[in-house]
Amino acid sequence: MSIINKMHEDFQQIQQAQPILSAMPATKSKQKALLFILIVLLIGSSLGLSYLIFSQDKAVKENLHQIIKEQQIAPPVAAALLSSSVQEKVITAPKLLSSPMQDKVIAEPLLVKQAVEQSSNTNLPNKLAVVNPVSIKKEAQKAVLVQTSDKKIGVKNTTSVITEQANEESHLSIKASQLSKQELAQIHLKEADKAQDKGDFKLAAEKKQQALGLLPELNEVRKSLALYYYGQGEVDRAQRLLKHGVVISPDYPDFNLMLSRIALKEGDQQKAYLYLEQHPPEVEGNLDYYASYAILAQKFKKYEQSERLYSSLLSQRPNNGRWRMSLAIVQDRQAKRQLAVTNYEQALLQTDLSSKAKTYIKQRLSYLGQH
């Protein structure tokens, strides 16, 4: 009985203790449960987000690899596309056409073209621009080339066209352009003209000298430069310049004519005559040359040569009284009396003779008429 009583006492104690336990707060156990649930949700969302990002980047890379493989894009452009896809998501345009081939011709090449245009800059952007469907259609129309040979309209391989554009744009380089001698000489001459307009004739002469160093056959430039040096009193320098010009351009008569006149200024008539005798040009367009040549030949009593020279001059200007009178004089010196009389009489009819010259002609006509 004592054992049974003992059990009843224990049972009553348990019943008395249960209300106390049920009344105790369960706050700590609930907080632990909520914290555990929150941790589980965070871990799950992180894993899901990581999976989405990884799968999306993988899909973009596979798409770009497919485009690069099919379009055969140059390596620099391919690297730009792949690096751009890793940094941020590439946004492509929706397909406009139902055919897979047309989608490939329009949507994918336009993405390649945008990547090529962005890779041509020094700093490659991190993100490709959003493609406008309307602009895609317009660009696709430009890319399609219509050929009308044999009365058939066809579409040229648009993929190859865009690939060529990508290859060309991806290999752009800057090359130094070397100017030719003619171009450099023209630059010096323009600078000489500007300096001359400002009154800086010394600088103008230096620029002309530089131009001659590049193109020695610039005869007019050489002539003007020689005149400048002669005017500055640098006679030797002017003569050297002209003599060099005679060697380079022997058919240019002004060099010998200028050398002859410089020699006359210095009182050396023999040298002046020899300069003109070197390379006599055609008489047409060179009347000053022939007039000086005829006078010097007459001075050195080369009458036959002088007669030919005056006759050549009169073939160009038959009404020149001075040349007609000079022709009559050299004929008179050679005892060609009848020819001399005829030319004397014609000279009197011209209006460009002085009264002194006409008096001389009348005296010679009177003498020849008496003898």
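No experiment lies behind these values; they were computed from the predicted model shown.

1. Focus: the overall build of the chain
Each helix and strand in the chain was counted, giving 17 helices and two strands. The buried share of the chain, taken over its 371 residues, is 33%. Pairs at least 24 residues apart make up 49% of the contacts formed inside the chain by residues separated by at least 6 positions. With the model as given, the accessible surface of the chain reaches about 24900 Å², and the carbon-plus-sulfur share is 55%.

2. Overview of a nonpolar patch on the surface
On the surface, Leu 35, Leu 38, Ile 39, Leu 42, Ile 43 and Leu 47 cluster together into a nonpolar patch covering about 590 Å² of accessible area. Its place among the elements puts Leu 38 in helix H2 (residues 27–71). Residue class for Leu 38 comes out partly exposed when judged on its relative accessible area of 46%.

3. Let's talk about the nonpolar core
Judged by nonpolar contacts, the single largest core of 42 residues is most densely connected at Leu 218, Leu 242, Tyr 310, Leu 313 and Trp 323. Ranked by residues supplied to this core, first place goes to helix H13 (residues 287–299) with eight residues. Excluding anything up to four places from it in sequence, Leu 218 contacts Leu 189, Ala 211 and Leu 212.

4. Let's talk about H13
With 13 residues, H13 should cover 18 Å at 1.5 Å per step; its first-to-last C-alpha distance of 18 Å lies within 8% of that length. For H13, the complete set of buried residues consists of Leu 287, Tyr 289, Tyr 290, Ala 291, Ser 292, Tyr 293, Ala 294, Leu 296 and Ala 297. Check the buried side of H13 and you find it contacts helix H11 (253–265), helix H12 (269–278), helix H14 (303–316) and helix H15 (321–333). Directly beyond the C-terminal end of H13, a positive phi value near 60° is found at Lys 301.

5. Looking at the packing of aromatic side chains
For any pair of aromatic rings, geometry is given as the distance between the ring centres together with the angle between the planes. Under the defined criterion, the tally for this structure stands at six aromatic pairs. Relative to Tyr 229, the ring of Tyr 228 has its centre 5.6 Å away and its plane inclined at 55°; by these criteria the two rings are tilted. Here Tyr 273 and Phe 300 contribute two aromatic rings whose centre-to-centre distance is 5.7 Å and whose plane-to-plane angle is 50°, an arrangement assigned as tilted. With Tyr 273 in helix H12 and Phe 300 in the loop between H13 and H14, the pair connects residues that are 27 residues apart, well separated along the chain. A residue is classified by how much of its surface remains accessible, and Phe 300, at 29% relative accessible area, is partly exposed.

6. What about the confidence of the model for the chain?
Detailed conclusions should not be drawn from predicted coordinates in areas where pLDDT is low. Of all residues in the chain, 59% attain a pLDDT of 70 or more, and the chain-wide mean is 74. The model gives residues 17–25 a pLDDT under 50, and that stretch makes zero contacts with residues more than four places away or in other chains. In the predicted structure, residues 84–166 sits below a pLDDT of 50 and forms 96 contacts with residues beyond four places in sequence or in another chain.

7. Details of the side chain of Gln 331
Mapped onto the fold, Gln 331 is located in helix H15. Leaving out residues up to four positions away in the same chain, Gln 331 has contacts with Glu 307, Lys 336, Leu 339, Ala 340 and Asn 343.

8. With respect to the packing of helix H16 (residues 337–348) against helix H17 (residues 355–370)
Axis separation between H16 and H17 bottoms out at 10 Å; the angle between their running directions is 145°. Here H16 and H17 pass one another in a crossing that is left-handed. Along the contact surface, H16 presents Arg 337, Ala 340, Val 341, Tyr 344, Glu 345, Ala 347 and Leu 348, while H17 presents Lys 358, Tyr 360, Ile 361, Lys 362, Arg 364, Leu 365 and Leu 368.

9. A few points about the environment of Leu 214
Turning to its location among the elements, Leu 214 is positioned in helix H8 (residues 201–214). Residue Leu 214 is classed as partly exposed on the basis of its relative accessible area of 25%. For Leu 214 and Lys 181, which are 33 residues apart along the polypeptide, the C-alpha to C-alpha distance reads 5.8 Å. Each residue touching Leu 214, except ones within four places of it in the same chain, is listed here: Lys 181, Leu 184, Ala 185 and His 188.

Calculation criteria
Residues numbered from 1 in each chain as written. Predicted model: local features only at pLDDT ≥ 70, side-chain atom pairs only at ≥ 80, totals over all residues. Heavy atoms only, no water. Helix = DSSP H or I, 4+ residues; strand = E, 2+ residues; numbered from the N terminus. Buried < 20%, exposed > 50% of the residue type's maximum accessible area, 1.4 Å probe, protein only. Contact = heavy atoms within 4.5 Å. Areas by Shrake-Rupley, 256 points an atom, 1.4 Å probe, with all protein chains shown as cover. Patch = residues over 30% accessible without salt bridge, like charges linked within 9 Å, V, L, I, M, F, W, Y side chains within 5 Å. Salt bridge = Lys/Arg side-chain N within 4 Å of Asp/Glu carboxyl O. Core = buried A, V, L, I, M, F, W, Y, C linked by side-chain atoms within 4.5 Å. Expected span 1.5 Å × (residues − 1). Phe/Tyr/Trp six-rings, centres within 6.5 Å; stacked < 30°, edge-to-face > 60°. pLDDT = per-residue confidence, 0-100. Axes fitted to C-alpha atoms, helices over the stretch in contact; angles between N-to-C directions. Left-handed = near helix turned anticlockwise from the far one by under 90°.

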